[in-house]
Amino acid sequence: MSEILDVDVLIVGGGPAGLSAAIRLGQLQAQHGGEPLSIAVLEKAREAGAHMLSGAVLDPSALRDLIPDFREKGAPLAVEVKRDRVYFLTSKSRIPFPIIPPPLRNHGNSIISLNQFVRWLAGQAEGHGIDFFTGFAGQEVLVDGQRVIGVRTGDRGIGRSGEHKPGFEPGVDIHARVTIFCDGVRGNLTKELLRRFQLGRGRQAEQFAVGLKELWEVPPDRLEPGTVMHTLGYPLRHDEFGGGFIYALREGRLSVGLVAGLDYRDPLFDPHMAFNRFKQHPFVAGLLDRGQMVRYGAKALPEGGWNTIPQPYMDGALIAGDAGGFLNSMRLKGIHLAMRTGMLAAESAFEAIRAGDTSEASLARYQRKIDASPVKAELYPVRNVHQAFGYGLFAGLAFAGLSLATRGRWVEDLHGHAGHERMETLRSYYGASPASLAASNATVVDRRLTFDKVTNVHFSGTAHDEDQPPHLLVHTEVCSSICGPEYGHPCMRFCPANVYEIVQEPAGPRLQINASNCVHCKTCDIMDPYAVITWVPPEGGGGPQYNGM
Amino acid sequence: MILVIAEQRDGALNRATWEALVAAQQLAGGDALKVALLGGQAGAAAQELAAAGVGEVLTVTDAALEPYTPDGYVLALAQLITSASPQVIALAHTYQARDFAPMLAARLTLPLVTDVTGITGSGTQATFTRPMFQGKLAAEVKPKTAGACLVTFQIGAFRADALKKGTSPSPMTNVAVTIDPSAIRQKPEAPFQEAKQAVDLSQAARIVAVGRGIKAQDQLPVAEKLAKAMGAELAASRPICDSGWLPMERQIGSSGQTVAPKLYVALGISGAIQHLVGMKGSRTIVAINKDADAPIFEVADYGIVGDLFEIVPALVAELEK
């Protein structure tokens, strides 16, 4: 029997959505008075912001509405964007876009470290007397009939084979009148909600991408701080969605990354190798020359847009931020939408609790608030753009332009398929089984400009207690019997942290899961062609340490 | 006079007490040495201490001292130390000492020097060596005040077999103390099942570490033979421990132990950065690997590019000559 903790509002996940919800609740309470609400935030990272990874360019619109005096309060907006550049890359050269497409214009936005920004948000939330439990992951949704009543946190101190270690502590059941799920892209609890309550019914299949990022220190005169560059084309092929980015921070710090759609067809494609190739491009290599990589991280992004967002409310619960897919893939921005939906979820929860009715019908007010907010105004017109990229880069670009011109007025919506279903078998893509299962885009790893995954993982600061059950649940019987021959074990390649390794043993190939390498990006849960990998949270506190990312 | 606080549980003496005695003998110079033993009754541990003949054994027996509680020990020891007024109070740096020694030092307003690995000089004039920054640095410290101090000695830093035993057994004296049971705030529960005795690789002078190049669990004896011939401890990189071929406490690297032996021999270890951070402080690194581009060669002092299954048996044969 777990211990039970009762609160009024439980927020699962201390990212921009969860913390904005917490702050908004604190503000509403201060404004309206009355019986004080107890508010708790769960966060799996050991400290606020440690698992936060983004490019990142922040559109400050939601921040301005949440904390108008954010500058006086010391919000760490590293540097204001001074100029935008967009390039189309071929393998050797770059072609600048003659005009910067409006969605990629960042005037008034700031380059930030999401890690530092979220740490600051956490301080603001704690100022409102909110209980912020770091190092605790939500393990399971607690349900009573059709009603969500809270969340169970993970046990601590369980050994590799399930035995209780000396420091064993069972998880706690946190019961809440409203639970706001902000567990991020492909959140393990939101995934459970989607299945149990069929919240994706009538919506399109979710779409994802994976972003890989490194922080570099280069000679300070390389790029003017505040420079934002985006690239299309190389190293991705025209049927592969994504692009590169380089953001110039102060003191010669460059944020360098590549986003690759998790709907590629080539089973031997490796997003991490694509990132290496991006850095080897003469233009990028020139910027990084004599520099040093200081941090690495990877994280999936929800890219599907408006038509893939599930019903975000149910009896006793709401979904906000990346967990609900609130991201504008055309503007490459989601932080402001995460914050905005967190704020709207907080307002909905507050009103429902004050009205004494937190049923599904009452919480449906959240959807009405979203529809009347800048969230829909921003996402609805571009709802078909990501799906159009499914027809290739040029079709996508043409479509994006058309969307802007017509503000997205269409007779019929385009449909996308779940990304993992687009991956083709070796036979279908290559005609015959290739001799080697090496990545089709493999390139030289020199450990200066380009790195192997294991070295990169070291720079993510990832650490997990080794003596705990694996947190990646895999039906391994599929691996060597079906997946090997058909797809050539794509998990080895799509995982950006070398969690999955096929070890050749006398008895045949065996999947070795290096769970302690995991950077919590969720790519495996999304991209595995048989959907047999389930990501569950490891013991709270484990995971990456994205200082400054 | 130097007072050593011995440690016992259920009548059995903690072996680290002997190491603390060796350190105390060094610290005493020719000065007198006494040993205090606390518990519900004196028992076999007191006899064992007396038989060694290193100095008078002071037994402090009281029902309130069994089982161990920090409050009970501090109450009893504060009285004993006040009446016996030793120059130095010496303890082994055990979990129990870590539990009560800070409170005892605070109660008596005495300086406390912990985890000491070396001594220069003797008595109150002594300078102590202790590790800092997880062993990266060794600091020499000395209490600021001239009077008595408490010192705990790192386990393994002094060799128990270096004890200078007396020719005749030492006398035993029972010291009376008064302990008000209501002043003991802790209620101890049965101790946890202790984890299996872990090897402490950080203490090893020589280490032979195996990596994936060993290929199969039944090949481990190849490395074991070399370790035996060299008098080295066997260790491994993560994949080996992860597969359960060797216990986790033998894992070197960022998620295992950090070691800095005099000699580190890496067999079939490619040298992922996670492994290197755990062993790059070794004085001499020898790497044997088939892949000449393996990053382990970047930190190795001596590198052999070749098949460990040919090279290691040759090394063993040479060592056994």
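Residues numbered from 1 in each chain as written. Chains lettered and ligands numbered in written order. Predicted model: local features only at pLDDT ≥ 70, side-chain atom pairs only at ≥ 80, totals over all residues.

Visitor: Before we go on, may I ask you to explain the overall build of chain B in this structure?
Guide: In terms of helices and strands, chain B carries 9 helices and 17 strands. If you line up chain B on its principal axes, its C-alpha atoms span 70 × 40 × 35 Å. Across the 321 residues in chain B, those meeting the buried criterion constitute 40%. (Helix = DSSP H or I, 4+ residues; strand = E, 2+ residues; numbered from the N terminus. Buried ≥ 20, exposed ≤ 12 C-beta atoms within 10 Å, placed from the backbone.)

Visitor: Hey, could you run me through helix α5 (residues 271–280) of chain A in this one?
Guide: Each α-helix turn comprises 3.6 residues. Residues three or four places apart therefore point the same way. Residue and element names in this part refer to chain A. Summarising burial for α5: 9 of the 10 residues are buried, a large majority. Of the positions making up α5, those classed as buried are Pro-271, His-272, Met-273, Ala-274, Phe-275, Asn-276, Arg-277, Phe-278 and Lys-279. Buried positions along α5 lie against β14 (208–217), β16 (242–248), β17 (253–261), α6 (282–288), α15 (453–458) and α17 (491–494). (Contact = placed C-beta atoms within 7 Å.)

Visitor: Would you take a moment to explain the domain arrangement of chain B for this structure?
Guide: A common way to report how large an interface is uses the accessible area buried once the components associate. The assigned domain composition of chain B is domain 1 (2–183) and domain 2 (201–319). Using only C-alpha atoms to locate each centre, domain 1 of chain B and domain 2 of chain B end up separated by 39 Å. (Domains from an automatic or database assignment.)

Visitor: Would you mind going over the interface of chain A and chain B with me for this structure?
Guide: Across the contact, 10 residues belong to chain A and 8 residues belong to chain B. Per-element accounting of the side of chain A that touches chain B gives the leading share, 3 residues, to α15 of chain A. When grouped by side-chain class, the residues that make up the side of chain A that touches chain B number 3 nonpolar, 4 polar and 3 charged. (Nonpolar A, V, L, I, M, F, W, Y, C, P; charged D, E, K, R; others polar.)

Visitor: Looking at this structure, how should I read the environment of Gly-244 of chain B?
Guide: All names here are of chain B. By secondary structure assignment, the location of Gly-244 is in the loop between α6 (238–242) and β15 (263–267). Among the residues examined, Gly-244 registers 11 C-beta atoms within 10 Å and is labelled exposed. Once the C-alpha coordinates of Gly-244 and Gln-217 are considered, the two residues, 27 residues apart in sequence, prove to be 8.9 Å apart.

Visitor: It is not clear to me how the nonpolar core should be interpreted in this structure. Could you clarify?
Guide: One broad trend across soluble globular proteins is that nonpolar side chains are buried collectively. Among the nonpolar cores identified, the biggest contains 148 residues, and Ala-21, Ala-22, Ile-180, Leu-318 and Ala-320 of chain A are the most heavily contacted of them. When sequence neighbours within four positions are dropped, the list of residues in contact with Ile-180 of chain A reads Val-9, Ile-11, Ala-21, Leu-318, Ala-320, Ala-345 and Ala-349 of chain A. Core analysis: the next-biggest nonpolar cluster, separate from the first, contains 56 residues, Trp-18, Leu-38, Leu-49 and Phe-100 of chain B among them. (Core = buried A, V, L, I, M, F, W, Y, C linked by C-beta atoms within 7 Å.)

Visitor: For this particular structure, what's the right way to read the sheet that holds strand β9 (residues 127–132) of chain B?
Guide: Through backbone hydrogen bonds, the strands of a sheet pair up, either in parallel or in antiparallel fashion. Residue and element names in this part refer to chain B. With antiparallel pairing, 3 strands are arranged side by side in an open sheet as β8-β9-β10. Two strands close off the open sheet at either side, each with one partner strand: β8 (118–120) and β10 (137–141). Direction aside, the axes of adjacent strands within the sheet are offset by 30° on average. Inspection of the sheet shows β9 paired to β10 by 5 bridges, in the antiparallel sense. Looking at the pairing, Thr-129 lines up with Glu-140 of β10. (Pairing = 2+ DSSP bridges. Axes fitted to C-alpha atoms, helices over the stretch in contact; angles between N-to-C directions.)

Visitor: What's the story with the environment of Ala-50 of chain A in this structure? I'm lost.
Guide: All names here are of chain A. Along the chain, Ala-50 falls in the loop between β2 (39–43) and β3 (57–58). Through-space distance from the C-alpha of Ala-50 to that of Leu-114 is 9.5 Å; in sequence the pair is 64 residues apart. In this structure Ala-50 touches Ala-45, Pro-544, Gln-545 and Tyr-546, once residues within four positions along its chain are discounted.

Visitor: Explanation requested: the domain arrangement of chain A in the structure shown.
Guide: With domains assigned, chain A is organised as domain 1 (3–68 + 117–203 + 310–379), domain 2 (79–110 + 206–302) and domain 3 (419–535). Residues that form the side of domain 1 of chain A that touches domain 3 of chain A fall into these classes: 2 nonpolar, 4 polar and 3 charged.

Visitor: Whenever I open this one, the packing of helix α3 (residues 70–84) of chain B against helix α4 (residues 95–108) of chain B confuses me. Can you help?
Guide: For any two helices packed against each other, the geometry is given by the interaxial angle and the distance between the axes. Residues and elements named next belong to chain B. For the pair α3 and α4, interaxial distance at closest approach is 9 Å and the crossing angle is 45°. Regarding the angle of α3 to α4, the classification is oblique. Once α3 is placed against α4, the crossing between them reads as right-handed. Contacts between α3 and α4 pair Pro-70, Tyr-73, Val-74, Leu-77, Ala-78 and Ile-81 from the former with Asp-99, Phe-100, Met-103, Leu-104, Arg-107 and Leu-108 from the latter. Residue composition of the contact of α3 with α4, grouped by class: 10 nonpolar, no polar and 2 charged. (Parallel < 35°, antiparallel > 145°, perpendicular 65-115°, else oblique. Left-handed = near helix turned anticlockwise from the far one by under 90°.)

Visitor: Help me understand helix α16 (residues 477–487) of chain A in this model?
Guide: Residues and elements named next belong to chain A. Within α16, burial applies to Cys-479, Cys-483, Glu-486 and Tyr-487. Considered in projection along α16, the buried side chains sweep an arc of 115° and stay on one side of the axis. Two residues or fewer after α16 comes Gly-488, characterised by a positive phi angle close to 70°. (Arc of directions from axis to C-beta.)

Visitor: Can you help me understand the packing of helix α1 (residues 16–32) of chain A against helix α7 (residues 335–354) of chain A in this one?
Guide: Residue and element names in this part refer to chain A. Relative orientation of the contacting elements α1 and α7 amounts to 40°, with a least axis distance of 7 Å. Taken together, α1 and α7 sit at an angle that is classed as oblique. Crossing of α1 over α7 shows right-handed handedness. Of the residues in α7, those in contact with Pro-16, Ala-17, Gly-18, Ser-20, Ala-21, Arg-24, Leu-25 and Leu-28 of α1 are Ile-335, Ala-338, Met-339, Thr-341, Gly-342, Met-343, Ala-345, Ala-346, Glu-347 and Phe-350. Taken together, the residues of the contact of α1 with α7 sort by class into 12 nonpolar, 4 polar and 2 charged.

Visitor: Mind showing me how you'd approach the environment of Val-499 of chain A here?
Guide: Residues and elements named next belong to chain A. Along the chain, Val-499 turns up in the loop between α17 and β22 (500–505). Separated by 155 residues in sequence, Val-499 and Leu-344 have C-alpha atoms that sit 37 Å apart. For Val-499, the contacting residues outside a window of four places in its chain are Leu-472, Ile-513, Asn-514, Ala-515, Asn-517 and Cys-518.

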